[in-house]
Amino acid sequence: MTTNDPGSMETPQVERSRTPVVSSWNEWDPLEEVVVGSADGACFEPTEPGCRPTVRGGGGAFPTGPKPAEMIARANEELDGLAALLTSRGVRVRRPSTVDFATAVSAPTFDVANQYCAVCPRDVIVTIGSEIIEATMSRRARYFEFLAYRDLVYRYWNSDDRVRWTTAPRPSMRDEMYREEFWSIPLEERYARMHSFEFCISQDEVVFDAADMSRFGRDVFVQESMTTNRAGIRWLRRHLEPQGIRVRPVHFPLDLFPSHIDCTFVPLRPGLVLTNPDRPLLDGEDRLFIENGWKLVNAPEPTTGNDGMPRYCQSSKWLSMNVLSISPTEVICEERETPLHALLDSLGFEVLTVPFRHVFEYGGSLHCATWDVRRTGTMEDYFPDASSDQAT
Ligand code: DAV
């Protein structure tokens, strides 16, 4: 079942004495309420200045328009499986509203033939404390994706007056916002320029996807990427710093097509980050972690190579490390990633698994396909030694 069933929300009077209905400070505290995405109404991502989808194995033109019903059913089965597992662990699960993503968008500054899907709420919306922030988004086909979550956002906002709700500035998404030449840069040149961190969006407008952020209590790390630019990070900093939150840009120069931080740098509990061996942090950016006693542990090689990923999947094999923590000791992983299960087990985690490969071609795995609304815990400082402070 993937229809929206928000159920009843507690009244503000009841909630007053408890944690706000929206409250989450990091990626690992015990999860109480979460939104799991849905493939209902999903379309193939259209070609546009911020996205050049290709068929894996060079199989001709990328399809357009709605995804076939059986593909949607297979992904929904796995998303429902995740929802059922979470429910069985006592987590309250909610689902997006059904949106017809086949609708074209005609805006004053851009047109797009169809939209995308509501499989990956993580990309669109983020909880920081009791604030819900809707990202600007970076791609035209995703401009209106927030609509799938608006019923839920209104329910949360109406049910507890401690919930704050912010929509980031809406970018124009006109041609000039993009650097289309990015797509034709030869590989050698990409390596030569990897420290410039210039990708397919220009620096002129505020642009970010929510999934480029990783929350570590009072520190939020934000990746510069194809989907988040420096103006986007500046906006987040100016918005969050008055609340005592430090916004720290991070870079992974060997990722030549970076998009979303959660297949690259994945915190699992205080003191431990799962890292991507192909995408080390920029020299020097690891100091803050080391000096504050954090361990960076590389994920094992994924069980599927890039060539074995689903045909229409635009993400890398590193979806293997896109795990969802439901507490500092329990992690949900994709069922086939047995080397990762073994690593996490050796690090003291209880590993829960679900099949999720059919979701991959919707741009994500378990972390991407969720939006945590409430975790227990408060804003903690996990980086008290700021002698190598990078938040300049
Ligand atoms: O490694 O391809 C994919 C994350 C998409 N939300 C990657 C990142």
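Residues numbered from 1 in each chain as written. Predicted model: local features only at pLDDT ≥ 70, side-chain atom pairs only at ≥ 80, totals over all residues. Heavy atoms only, no water.

## A short note on the packing of aromatic side chains
To keep it simple, the criterion reads: Only centres within 6.5 Å qualify two rings of Phe, Tyr or Trp (six-membered ring in Trp) as a pair; their planes then separate them into stacked at under 30 degrees, edge-to-face at over 60, and tilted for everything else. Think of it this way: any DSSP run of H or I at least four residues long counts as a helix, any run of E at least two long counts as a strand, and we number them from the N terminus. The buried label goes to any residue with under 20% of its type's maximum accessible area, the exposed label to any with over 50%, and the partly exposed label to all in between, with areas taken from a 1.4 Å probe on protein chains only. Here, a charge over a ring means that NZ of Lys or CZ of Arg falls within 6 Å of the ring centre while also lying within 35 degrees of the ring normal.
Counted according to the given criterion, the structure contains 30 aromatic pairs. Considering the side-chain rings of W294 and F383, the 5.3 Å spacing of their centres and the 5° angle between planes classify their relative orientation as stacked. Of this pair, W294 sits in the loop between α6 (287–291) and β13 (295–298) while F383 is found in the segment after β17 (370–375), placing the two residues 89 residues apart along the sequence. Its relative accessible area of 0% is what places F383 among the buried residues. An aromatic cluster of at least three residues, connected via ring pairs, comprises W28, F216, F221, F252, F265, F289, W294, Y382 and F383. Across the ring face of Y362, the terminal group of K67 is positioned such that the distance to the ring centre comes to 4.2 Å. For R190, the ring lying beneath its charged end belongs to F182, and the centroid distance is 4.6 Å.

## Thoughts on the nonpolar core
In plain terms, the rule: Residue types Ala, Val, Leu, Ile, Met, Phe, Trp, Tyr and Cys, when buried and joined through side-chain atoms within 4.5 Å, form a set referred to as a nonpolar core. For this analysis, residues touch if any pair of their heavy atoms sits within 4.5 Å.
Core analysis: the largest hydrophobic core is formed by 47 residues, its most contacted members being I128, Y156 and W371. Residue assignment for this core shows that the elements contributing at least two residues are β5 (125–128), β6 (131–134), α3 (147–159), β9 (219–223), α5 (230–240) and β17. Per-element tally for this core: the top contributor is α3, with five residues. Ignoring anything within four residues of it in the chain, the contact list for I128 reads S24, W25, I133, M213, R215, V220, L240 and I245. In terms of nonpolar packing, the next biggest core, distinct from the first, is built from 34 residues, L79, L352, V354 and C368 among them.

## Some thoughts on the site of the ligand
Put simply, the test is: The cutoff for a nearby residue is simple: one of its non-hydrogen atoms must lie within 4 Å of the molecule or strand. In the analysis that follows, any N or O atom pair within 3.5 Å is treated as a polar contact, provided that within protein one partner can donate a hydrogen and the other can accept it, and provided that, for residues neighboring in sequence, both atoms belong to side chains. Using a 1.4 Å probe, the Shrake-Rupley method yields the accessible areas, and only the shown protein chains count as cover for residues.
Neighbouring the ligand are the residues D123, S259, H260, C263, R279, S315, S316, G363 and C368. Within the side chain of H260, a nitrogen or oxygen atom sits 2.7 Å from a nitrogen atom of the ligand. Separating a nitrogen atom of the ligand from a backbone N or O atom of G363 is a distance of 3.0 Å. Starting from 270 Å² of accessible surface for the ligand in isolation, the protein chains cover 90%.

## Some remarks on the pattern of salt bridges
Heads up, the rule is: Here a salt bridge means any side-chain nitrogen of Lys or Arg lying within 4 Å of a carboxyl oxygen belonging to Asp or Glu.
Throughout the structure, instances matching the rule amount to 34 salt bridges. It is possible to trace a salt-bridge network through shared partners that takes in E27, R122, R215, D372 and R375.

## A few points about the state of the cysteines
Note the threshold: The disulfide criterion used throughout: a pair of cysteine sulfur atoms within 2.5 Å.
Counting across every chain of the model gives zero disulfides. Unpaired in terms of disulfides, C117 finds its nearest cysteine sulfur in C120, a separation of 6.0 Å. For C117, a relative accessible area of 1% puts it in the buried group. Sulfur of C313: no disulfide; nearest cysteine sulfur belongs to C263 and is 9.3 Å away.

## Brief notes about the confidence of the model for the chain
Convention followed: Scored from 0 to 100, pLDDT reflects the predictor's confidence in each residue.
Per-residue pLDDT for the chain averages 94, and the proportion of residues at 70 or more is 94%. This model gives residues 11–15 a pLDDT under 50, and the stretch forms nine contacts once residues within four places in sequence are excluded.

## Focus on a nonpolar patch on the surface
Which entries qualify depends on this criterion: Patch membership requires more than 30% relative accessible area and the absence of a salt bridge. Residues of like charge join within 9 Å; the nonpolar side chains Val, Leu, Ile, Met, Phe, Trp and Tyr join within 5 Å.
Where nonpolar side chains cluster on the molecular surface, the patch consists of L187, Y191 and L254 and spans about 290 Å² of accessible area. With respect to the secondary-structure elements, L187 resides in helix α4 (residues 187–192).

## So, helix α2 (residues 69–88)
Here is the rule: Residue count minus one, scaled by 1.5 Å, sets the expected span of a helix.
With 20 residues, α2 ought to run about 28 Å at 1.5 Å a step, and its terminal C-alpha atoms sit 28 Å apart, in line with that. Regarding α2, the residues found buried are M71, I72, A75, N76, E78, L79, L82, A83, L85 and L86. A positive phi of about 85° marks G90, the residue just after α2.

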